[in-house]
Amino acid sequence: MEPPRRNSRMVIDPKVRQVGFFAPGAPPDRSQSGPPDSSSPPLSDASPPSNSLSPVMIPPPRHASDNILRTTPLLAPLSPLRRPVATGDTIPVGSYNPSEFYAASSPTMSPSSKGGEFSENRRGNSGKVVSSSVPSGGFNLAGVKQSNAPASSLTTVSVVNMPPGLSEKAGVAVESQNERPVSSKPLKEKTSKAERRAIQESQRAAKAAARAEVSKVSVISSSGAVNSKAAKVLKPSSSSQKKGSASVAPAERKGGSDRPLEKDRKKDVPHPRMQFDDKNRVEKAKRRAVVKQTEARNRVELFRHLPQYEHGTQLPELESKFFQLDQVHPSVYKVGLRYLAGDISGGNARCIAMLQAFREAIKDYSTPPEKALIRDLTAKINSYISFLIECRPLSISMGNAIRFLKTRIANLPLNLSESEAKSTLQSDIDRFINEKIILADNVIVGHAVTKIGDGDVLLTYGSSSAVEMILLHAHELGKQFRVVIVDSRPKLEGQLLLRRLLGKGLSCTYTHINAVSYIMHEVSRVFLGASSVLSNGTVFSRVGTASVAMVAHAFRVPVLVCCEAYKFHERVQLDSICSNELGDPDAISKVRGRQEISYLEDWANSDNLQLLNLIYDATPSDYVSMIITDYGMVPPTSVPVIVREYRREHVWI
Amino acid sequence: MDFQVVILAGGTSKKLVPLVSKEVPKALLPVANRPVISYILELLELSNLKNLIVVVEGEDAAVRVGGWISGAYVDRLHVEVAAVPDDVGTAGALRAISHHLTANDIMVVSGDLVCDVPPGAVAAAHRRHDAVVTAMFCSAPSYGPSDSGSSAGKEKAKKPGRCNIIGLDPTRQFLLHIATGAEVEKDIRVQKSILRAVSQMEIRGDLMDAHFYVFKRSALHEILDQKEIYQSLKQDVLPYLVRSQLRSEVLLNGTPGIEENRSEKFAFDKQVMLSQLLANASTPSFHELYALGPNVSHSVKRRTHKCCVYVASSSKYCARLNSIQAFSEINRDVIGEASHLSGYSFSAHNNIIDPSAELGSKTTVGPQCMLGEGSQLGDKCSVKRSVIGRHCRIGSNVKVVNSVVMNHVTIGDGCSIQGSVICSNVQLQERVVLKDCQVGAGFVVTAGSEYKGESLARKEKIQSQ
């Protein structure tokens, strides 16, 4: 099986168009990752890992504890408890299907605004209590405002609000039994039967289309047809939705100014992997966005489907809205802000920062009255995630972590009290960070150090946390080796790594990626980090990694990729085009700190110039000799096995 | 978002003497016929900050300010008014209410600030860097609050906001040096350690401290407790924090020490690894680099804290009402170039004339003017770039240029008023000529008198004469 794959890869890799050409004859395993996706959610719950064939059939050694872990998951889908849970259908989705973050954004969100109004009322009263209880400690509180006079106006507000809120809840309760919460809208009750049916149908079609679009990556052959259909179906559905909402809107406007906004927000949740060349969707997403973003004008042809914004427009906008975003927890907000400002980068760090923020949010969370923790918390987390996505697209590792967290929430036993549930979730998050990241890194270091011998020259690219730990540990063990750090503009992350390594007394060489072909002569091993490893063995990592790996391959230097298993994903990707991230184009057109190099200063806005600052690239598995993960050192072809055999464990930890 | 807002509304400032009085504390001085404090309250309300603590110097002033706020914002804001004794300074005022401060971060705003910079931006900058203090700076007004009023002369040395000398790091996010007040005249002394850590410092003299700070509560409490002598936030607390930012004595988060003791080695290792992982991944500011030292093998980490700045863009309006000249400038700006702040809608002639105002024949009201309700103007008057309050009665042939006329003022025929401030209930008899004058409340200017650059007030001056 190996040689033909290799050949075909050689041809298809660089160009997209040829992907389509190869599709009809694609091996069966590739197209199979599609069907489980589109099958009904409960069915795909437990089955996909077992019936989707992967090219590698060797089952890896399993820990004894595995069996214990496995028993629970197998039973769980059978239990009827899962169905009514709003998030029930989010767990199983096999591929990196971003809709799973959203599917569960249940309508429970909108009443939160109502809660806000109540709490304000409460606050007013409590404030009074506080101030009256203050003893005269050197001063006195002369006047306390917010007397009871306004109480009447407040009550009228809540009267206006209550009926829609209640009916909405009723609608949810009924419909979440058999429908996705996305489609259960209170506005249905006001339309006629025929209209309802039409809406329902169009929504169903839209859903199918959306799903098809997600699986497009894997189902290459059918993607064209489905897509065109999807586009057609999508339009009427969206317009009908709009009509419906418009008819209801006036009634709700009275309730409060931020109410309609919030409704809008949950109604058409964005697709994290939205195709940004689709005008309709972009428009919709814009209306919903918390962060106002101006899109960059000149985008490179092939990458139009990726979001790209005028840099520098987002941050001030978000900052000025600091106090308006009440529904976002402060710690989540802070993390989002730091993502946006670029203060945190690196897959592990971003993931940890996000999880810790969620942990804080869960700690401060309290279930509103008449709500179920499971649903309400999921909705909350969803809103946080959509906020984070607006700040910066999620990485695959974060997607995995989110999936884990949501599964944990969805599977909380119903008889747990709120405080118990919260502490369970918090310890789950801690455990995920400890076991999947920290411990995994330790194991990786242990494995990788065996590959470092005296006199080795190790090359690394950029700044990877795992590689850094390996180098430092090897140094502590007293091994004599030299490190070559290859770096590239615009981020120059290697310099920070260099600084830290030098501080520990390692001998280093620093060079830029332009010189990699020269320096590769001396190198005996290449250690690389990764943002994600996909199930065809493709390594998704900082842009430039692929070229380093390719050069190393040409020089027959072994390339070892260090990647924690929680970053693995079953998606198959052949190129770095369909899913990637675009950075700030200014970063490459301007050289920081050197004003004299400003040849592109007034050219940046020219129509003929398109600047491309890619963040990631995909390294084909042929260039990778070995992947070092917490399950040991495996060849890239074994990634799907790990994904298949241990994914359940990811979910159930 | 876990913020608490404290508005320092001041009392009856000496710098504004003929304008402020027992009846009209500084916070209630009218700017375009609205008390100045309403501008900051509205700005905060716009940002969804509705729980405010207003600190006023003096009991009487507190009652007045509280009364006005409760009347105007009855169902919109939740405001607590606290009175502190006079002359405790800004730090003293905070000390007095410190047991009320419970949120993680405290926003301290001056009540005389008229600006349109979103408070969220400052708060976000603060949160992003986890700073101990974040101060907002804006470009200093071009006129400069120079000494115009005769009364302001003796306060010159102490006058804050005259000119700050500020050192910023190259990214303009951190405050490295600050000299305020009397220190401005002295030589600039920059700490070597800071300069070495940052390697580049931008010294600015054109920025004004807007007196808009965000403090970390724990740090603020500590400083207020330890440094009893500190009186002013701007002149003592902020410079202290800036000075000590690389050898922090402020206990930031006391958790690490405790954790070290109780948890066993393994867990501690993990914690270290985790924090290191996070630290390595984030772009370090010079604080972190300095904390690590030139040689990472140093296990002792130097303690640092961050002092951030938010420099408002020059397109934003930002001014403090802390001198008489600033008072007239702000009045002019709010109905002129910064008209969006006033909250009124301007007519086609770019002015605001209340429908109940009465104009005589051949009277002209130019652009950038404001005429309050119930005011009457006689014939052949001309009003240019001025604010006229409510229920004023102005005779004929009167010229009002570049001036502020408050409520219930009576102006006789043939007066000429230029660049002056006329407080409530003043009576100007016929043919009075005023140029660059301030007339205190209730004063009567006799017919035919001419004044230039003087400050006229009722009680004390008349009695002394």
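Reading the values: the criteria
Residues numbered from 1 in each chain as written. Chains lettered and ligands numbered in written order. Predicted model: local features only at pLDDT ≥ 70, side-chain atom pairs only at ≥ 80, totals over all residues. Heavy atoms only, no water. Helix = DSSP H or I, 4+ residues; strand = E, 2+ residues; numbered from the N terminus. Buried < 20%, exposed > 50% of the residue type's maximum accessible area, 1.4 Å probe, protein only. Contact = heavy atoms within 4.5 Å. Areas by Shrake-Rupley, 256 points an atom, 1.4 Å probe, with all protein chains shown as cover. Pairing = 2+ DSSP bridges. Axes fitted to C-alpha atoms, helices over the stretch in contact; angles between N-to-C directions. Polar contact = N/O pair within 3.5 Å; in protein donor to acceptor, adjacent residues only side chain to side chain. Core = buried A, V, L, I, M, F, W, Y, C linked by side-chain atoms within 4.5 Å. Phe/Tyr/Trp six-rings, centres within 6.5 Å; stacked < 30°, edge-to-face > 60°. Lys NZ or Arg CZ within 6 Å of the ring centre and 35° of its normal. Right-handed = clockwise from strand over helix to strand, strands pointing away. pLDDT = per-residue confidence, 0-100. Parallel < 35°, antiparallel > 145°, perpendicular 65-115°, else oblique. Left-handed = near helix turned anticlockwise from the far one by under 90°. Salt bridge = Lys/Arg side-chain N within 4 Å of Asp/Glu carboxyl O.

### Comments concerning the overall build of chain B
- Counting secondary structure elements, chain B contains 12 helices and 33 strands.
- When each of the 465 residues of chain B is scored for burial, the buried share is 56%.
- Counted over contacts in chain B with a minimum sequence separation of 6, partners at least 24 positions apart contribute 56%.
- Carbon and sulfur atoms provide 49% of the accessible area of chain B, an area that totals close to 19,800 Å².

### Side note on the overall build of chain A
- In terms of helices and strands, chain A carries 26 helices and 12 strands.
- Every one of the 653 residues in chain A was classed for burial, and the buried ones make up 53%.
- A sequence separation of at least 24 residues applies to 78% of the contacts in chain A between residues at least 6 apart.

### Digging into the environment of K504 of chain A
Residues and elements named next belong to chain A.
- Mapped onto the secondary structure, K504 falls in helix α22 (residues 493–504).
- Assessed through its relative accessible area of 38%, K504 is described here as partly exposed.
- When the C-alpha atoms of K504 and E476 are compared, they prove to be 9.3 Å apart, with 28 residues separating the residues in sequence.

### Considering the sheet that holds strand β5 (residues 525–529) of chain A
Residue and element names in this part refer to chain A.
- Spatially, seven strands are ordered β4-β3-β2-β5-β8-β11-β12 in an open sheet, and the strand pairing comes out mixed. Bordering the open sheet on either side are β4 (507–512) and β12 (632–634), each of which pairs with just one other strand. Adjacent strand axes in the sheet meet at a mean angle of 25 degrees when their direction is disregarded.
- Relative to strand β11 (residues 626–629), strand β8 (residues 559–562) is paired through three bridges, and the arrangement is parallel. Residue pairing in the sheet places C562 in a bridge with I628 of β11.
- The sheet strands contacting helix α20 (residues 418–449) are β5, β8, β11 and β12, and the helix crosses β11 at an angle near 135 degrees.
- Where helix α24 (residues 545–554) meets the sheet, it contacts β2 (456–461), β5 and β8, and its direction lies at approximately 160 degrees from that of β5.

### Re the sheet that holds strand β11 (residues 202–204) of chain B
Residues and elements named next belong to chain B.
- With antiparallel pairing, three strands are arranged side by side in an open sheet as β10-β9-β11. This sheet does not close on itself; its edge strands, each paired only once, are β10 (175–179) and β11. Strand-to-strand, the axes of this sheet are offset by a mean angle of 15 degrees, without reference to chain direction.
- Sheet topology note: the strand β9 (residues 165–168)/β10 ladder contains four bridges and is antiparallel. Directly across from L168, in β10, lies its bridge partner L175.

### Remarks on helix α7 (residues 233–243) of chain B
- The buried fraction of α7 of chain B is high, at eight of 11 residues.
- Near the N-terminus of α7 of chain B, the side chain that reaches the backbone nitrogen of K234 of chain B, with its oxygen 3.1 Å away, is that of S232 of chain B.

### Digging into the nonpolar core
- In terms of nonpolar packing, the biggest core is built from 91 residues, with F358 of chain A together with I37, V54 and M107 of chain B touching the most fellow members.
- Not counting the four nearest positions on each side in its chain, F358 of chain A is found in contact with V332, I381, Y384, I385, L388, I402, L405 and I429 of chain A.
- V55, A219, I223 and C307 of chain B belong to the second largest nonpolar core, which has 37 residues in total.

### With respect to the packing of aromatic side chains
- All chains considered together, the criterion is met by eight aromatic pairs over all chains.
- Look at W68 of chain B and Y73 of chain B: their rings are 5.8 Å apart centre to centre, the planes differ by 75 degrees, and that puts the pair in the edge-to-face class.
- Using a relative accessible area of 2% as the deciding quantity, one classes Y73 of chain B as buried.
- On the basis of an interplanar angle of 50 degrees and a centroid distance of 5.8 Å, the ring pair of Y213 of chain B and F215 of chain B is categorised as tilted. Take Y213 of chain B and F215 of chain B: they sit in the same class, and that class is buried.
- In textbook terms, an aromatic cluster arises when at least three aromatic residues are bridged by ring pairs, as seen for F404, F432 and Y566 of chain A.
- When the ring centre of Y339 of chain A is taken as origin, the NZ or CZ atom of R350 of chain A, which lies over that ring, is 5.3 Å away.
- When the ring centre of Y39 of chain B is taken as origin, the NZ or CZ atom of R34 of chain B, which lies over that ring, is 4.1 Å away.

### Description of the pairing of β4 of chain A
Residues and elements named next belong to chain A.
- Sheet topology note: the strand β3 (residues 481–487)/β4 ladder contains six bridges and is parallel. Bridge assignment links R482 to a residue of β4, and that residue is S507.
- In this fold, the crossover linking β3 to β4 by way of α22 has right-handed handedness.

### Some details on unusual backbone geometry
- At the junction of R489 of chain A and P490 of chain A, the peptide bond is cis and its omega measures out at -5 degrees in the coordinates.
- Take P490 of chain A: it is sitting in the loop between β3 and α22.
- Even without a glycine there, the phi angle at E370 of chain A is positive, about 65 degrees.
- Position of E370 of chain A relative to the elements: it lies in the loop between α17 (347–363) and α18 (373–391).
- Non-glycine residue N33 of chain B carries a positive phi angle of around 65 degrees.
- If you trace the backbone, N33 of chain B turns up in the loop between β2 (30–31) and β3 (34–35).
- Taking relative accessible area as the criterion, N33 of chain B reaches 9% and is therefore assigned buried.

### Things to note about the confidence of the model for chain A
Residues and elements named next belong to chain A.
- Of the residues in chain A, 53% have a pLDDT of 70 or more, and the chain-wide mean is 68.
- Scored below 50 in pLDDT, residues 1–189 makes 283 contacts in the model with residues more than four places away or belonging to other chains.
- In the model, residues 214–271 has pLDDT below 50 throughout and makes 90 contacts with residues more than four positions away in sequence or in other chains.

### Digging into the packing of helix α16 (residues 330–341) of chain A against α17 of chain A
Residues and elements named next belong to chain A.
- α17 packs onto α16 with a crossing angle of 160 degrees between their chain directions and a minimal axis gap of 8 Å. One element, α16, and the other, α17, form an angle in the roughly antiparallel class. Of the two possible hands of crossing, α16 and α17 adopt the one that is left-handed. Only R350, A353, M354, A357, F358, E360 and A361 of α17 make contact with α16, whose side of the interface consists of S331, V332, V335 and Y339.

### A closer look at the pattern of salt bridges
Residue and element names in this part refer to chain A.
- Applying the stated criterion across every chain yields a total of 27 salt bridges over all chains.
- Among the salt bridges present, the one from K363 reaches E360, with a minimum N-O distance of 4.0 Å. Separated by three residues within a single helix, K363 and E360 lie in helix α17, roughly one turn from each other.
- When the shortest N-O distance is used, the salt bridge between D428 and R431 registers 3.5 Å. Of this pair, D428 and R431 both sit in helix α20, three residues apart, roughly one helical turn.
- Overall, D428 belongs to the buried group, its relative accessible area being 4%.

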